[in-house]
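# Residue-level structure breakdown
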Amino acid sequence: MNRIKKLFILLFIINFTSQALAKDAPASFADLAEKLMPSVVNISTTTTVTTNSNPFPGFQFPPGSPFEDMFKEFGTPQTRKSAALGSGFIIKESGIVITNNHVIQNAENILVRVDGDKEYKATVVGADPLSDIAVLQIDSKEKFIPVKFGNSDQARIGDWVIAIGNPFGLGGTVTAGIISARNRSIGLSRYEDYIQTDASINSGNSGGPLFDMNGDVIGINTAILGKGGSIGIGFSIPSNDAKKVVEQLIEFGETKRGWLGVRIQVVTQEIADVEELDKPRGALVASVADKSPSAKAGIKDGDIILEFNNTKINEMKELPIIVAQTEVGKVVNVKIWRNKKEIIKKIKLGRLETSEDFKVEKKDNNNETPETSEIKSLKIITRLLNDNDIKERKLPNQTTGLVITNIGRNSPVDYLNVGDIIVEAQKKKIKSIKDLEDIVDTVLKSNQKTILIVIYNNQNQRRYIGVKLD
């Protein structure tokens, strides 16, 4: 009797579970699509492009030939209209439309088509290239049907989603799929936390919405993997990341992002070992900008930021996003790892958009031929940094170090480049070749076998590198 009872309970659980799963997989998306289609718009833009005609009609240089651009300079200037297509969605009855910045960038005329056949002119309220988001206003006093942003943080891998857009200019098109992955970074922008979906997204879908099964926008479709067509890998900006940008663009016409004033890099296992951190986590401060909020608060090169405003930083890429979303002028607690212990610093955030650009263009003009020397344990040849290097590369005046002039085969630093400058090793400044040799020898005689060096790369970015020695 006991066995029959257990079997009955088991069958009941299996039946209940199968019914629950069946409810999660919709029989049709038709009702949802019919409800949402009037809120999704097609966007077309025109831009005037000026080009120079070929001075030798009938003769074409091979694509990529240096003569192709050179001879175009001697041609007759010609102008033409360039058209672009995209998608968007309405979030206010008054006709506020959200789309991608790259859809409307440099556009002279913007037309928005609503519900398939109603066409209106639109103007740009505000645009943000860093997040690739733009806000438009339809030039009409009519009332439109809006949709609302959902909570993208609640979206899970495997959830059903639908994308609506204007692929290849065909007009309103619905595709369905699931969320394939979260927190994707694909190297398109400074702030990346994309939702990946296998719902078909093609050229012309950019700026269109990704809906959950409640009909809420949980993403802005912005990129595809592949050339020209969907291969089942599309990327959307999460709604929770987009909402703050949209609110600021509507209110101010521009963004106001928090700013720390640090360059950061990934904390590798080697760096964690040297710093005696329990595991690779946080964001390593490679350099601190002069007069920045971090500099004023006492943040130093080599610090590892573990928490920002009481939020743990598990991966380096998380820090720029959370800082940017924090209110300018807010005083926050920042937990750092320094000298093998945790320290709390209070930092008043600045504004990214008004900060200076610290990127320095690559310059490698050095006419001197100074003496070089080999560091055998690293299998590299270096020379002393000189005043001309400092001037040409616009380095701080008191910078000392070694310029790498050659990297040998099987060198433990073979991922570095000729021209990189080693300025520190084991947190000690390098003023001579002997300084580096002595530090490397000391590490080789210890059980650690890992050395922490600091370099300026060819873009003059300061970086920490953990080097494993044999």
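Calculation rules
- Residues numbered from 1 in each chain as written.
- Predicted model: local features only at pLDDT ≥ 70, side-chain atom pairs only at ≥ 80, totals over all residues.
- Heavy atoms only, no water.
- Helix = DSSP H or I, 4+ residues; strand = E, 2+ residues; numbered from the N terminus.
- Buried < 20%, exposed > 50% of the residue type's maximum accessible area, 1.4 Å probe, protein only.
- Contact = heavy atoms within 4.5 Å.
- Areas by Shrake-Rupley, 256 points an atom, 1.4 Å probe, with all protein chains shown as cover.
- Pairing = 2+ DSSP bridges.
- Axes fitted to C-alpha atoms, helices over the stretch in contact; angles between N-to-C directions.
- pLDDT = per-residue confidence, 0-100.
- Core = buried A, V, L, I, M, F, W, Y, C linked by side-chain atoms within 4.5 Å.
- Expected span 1.5 Å × (residues − 1).
- Phe/Tyr/Trp six-rings, centres within 6.5 Å; stacked < 30°, edge-to-face > 60°.
- Polar contact = N/O pair within 3.5 Å; in protein donor to acceptor, adjacent residues only side chain to side chain.
- Arc of directions from axis to C-beta.
- Salt bridge = Lys/Arg side-chain N within 4 Å of Asp/Glu carboxyl O.

### Some details on the overall build of the protein
Each helix and strand counted, the protein has ten helices and 27 strands in total. Relative to its full complement of 470 residues, the protein shows a buried share of 43%. Partitioning the contacts of the protein with sequence separation of at least 6, the portion at a separation of at least 24 is 61%. Accessible surface computed for the protein: about 25700 Å², of which carbon and sulfur atoms make up 50%.

### Re the sheet that holds strand β7 (residues 160–165)
Reading around the circumference, β7-β8-β9-β12-β11-β10 is the order of the six strands in this closed barrel, with antiparallel pairing throughout. Neighbour to neighbour, the strand axes of the sheet diverge by 45 degrees on average, direction disregarded. Pairing between strand β11 (residues 217–224) and strand β12 (residues 234–238): five bridges, direction antiparallel. Bridging from a neighbouring strand, Ile224 pairs with Gly234 of β12.

### Some remarks on the side chain of Ser39
Mapped onto the fold, Ser39 is located in the loop between α2 (30–36) and β1 (40–52). Residue classification places Ser39 among the buried positions, given a relative accessible area of 1%.

### Quick notes on the environment of Lys429
As for its position among the elements, Lys429 is in strand β25 (residues 428–429). Here Lys429 falls in the exposed class, since its relative accessible area comes to 57%. Along the chain, Lys429 and Thr399 lie 30 residues apart, while their C-alpha atoms are 9.0 Å from each other.

### Things to note about the pairing of strand β9 (residues 194–197)
Along β9, one buried face is formed by Tyr194 and Gln196 and the opposite face, lined by Ile195 and Thr197, is buried too. Pairing analysis gives three bridges linking strand β8 (residues 173–184) to β9, with the strands arranged antiparallel. Residue Ala181 lies in a different strand from β9, and its bridge partner there is Gln196. Here β9 pairs with β12 via three bridges, running antiparallel. Within the sheet, the bridge partner assigned to Gln196 lies in β12 and is Phe235.

### Here we look at the confidence of the model for the protein
Mean pLDDT for the protein: 84, with 83% of residues reaching 70 or above. This model gives residues 16–23 a pLDDT under 50, and the stretch forms zero contacts once residues within four places in sequence are excluded. Overall, residues 357–369 carries pLDDT values under 50, and its contacts beyond four positions in sequence, including any with other chains, amount to 21 contacts.

### Description of the pairing of strand β24 (residues 421–425)
Most of β24 sits inside the fold, with five of its five residues counted as buried. Looking at chain direction, strand β23 (residues 402–407) and β24 are connected through two bridges and run antiparallel. Across the sheet, residue Val403 finds its bridge partner in β24, namely Ile421. Pairing geometry for β24 and β25, over two bridges, is antiparallel. Note on β25: the bridge partner recorded for Glu424 is Lys429.

### Some remarks on the nonpolar core
Counting 24 residues, the largest nonpolar core has Phe89, Ile98, Ile133 and Phe211 as the members making the most contacts within it. Within the residue set of this core, elements represented by two or more residues are α2, β3 (96–99), β6 (133–138), β7, β11, β12 and α5 (239–252). Residue contacts for Ile98: discarding those within four places in its chain leaves Ser87, Gly88, Phe89, Ile91, Ile133, Ala134, Val135, Gly207, Ile220 and Val246. Counting residues in each nonpolar core, the second largest holds 21 residues, with Leu378, Ile430, Val440 and Val467 among its members.

### Considerations on α5
Taking 1.5 Å of rise per residue, the 14 residues of α5 would be expected to cover 20 Å, and the 20 Å separating its terminal C-alpha atoms lies within 8% of that figure. Those residues of α5 lying buried are Ser239, Asp241, Ala242, Val245, Val246, Gln248 and Leu249. Where α5 is buried, its residues meet β3, β5 (118–128), β6, β11, β12 and α8 (318–324). Gly253 sits one or two positions beyond α5 and adopts a positive phi of about 80 degrees.

### Remarks on the packing of aromatic side chains
By the definition in use, this model includes four aromatic pairs. Between Phe89 and Phe149, the aromatic rings sit 5.9 Å apart at their centres with planes inclined by 85 degrees, giving edge-to-face as the arrangement. Taken together, the positions of Phe89 in strand β2 (residues 77–90) and Phe149 in the loop between β6 and β7 put the pair 60 residues apart, joining distant regions of the chain. Each member of the pair, Phe89 together with Phe149, is buried. Where Tyr194 meets Phe235, the ring centres are 6.2 Å apart and the plane angle is 50 degrees; that geometry is what we call tilted.

### Section: the environment of Tyr464
Mapped onto the fold, Tyr464 is located in strand β27 (residues 462–468). Classification of Tyr464 by relative accessible area gives buried; the value is 4%. The contact partners of Tyr464, leaving out residues within four places of it in the chain, are Gln265, Ile271, Leu284, Val285, Ala286, Asp301, Gly302, Leu452, Ile453 and Val454. Polar side-chain contacts of Tyr464 include one of 2.7 Å to the backbone nitrogen of Gly302.

### Some remarks on helix α10 (residues 433–445)
In this model α10 runs 19 Å from its N-terminal to its C-terminal C-alpha over 13 residues, within 8% of the 18 Å that 1.5 Å per residue would give. Those residues of α10 that sit buried are Ile433, Leu436, Ile439, Val440 and Val443. The buried residues of α10 occupy one face: seen down the axis, they fall within an arc of 135 degrees. Projecting away from the buried face of α10 at angles above 90 degrees are the exposed residues Lys434, Thr442 and Lys445. Looking at the buried residues of α10, the elements they touch are β21 (372–375), β22 (380–384), β23, β24, β25 and β26 (450–456).

### A few points about the pattern of salt bridges
Any two side chains of opposite charge can pair, so long as their charged atoms come close to each other. Counted according to the given criterion, the structure contains 15 salt bridges. Taking the shortest distance from any N to any O, the salt bridge between Lys335 and Glu342 comes out at 3.7 Å. Looking at Lys335, the relative accessible area reads 18%, which means it is buried. The class of Glu342 is partly exposed, set by a relative accessible area of 44%. Note that Arg462 is salt-bridged to Glu424, the shortest N-O span being 2.9 Å.

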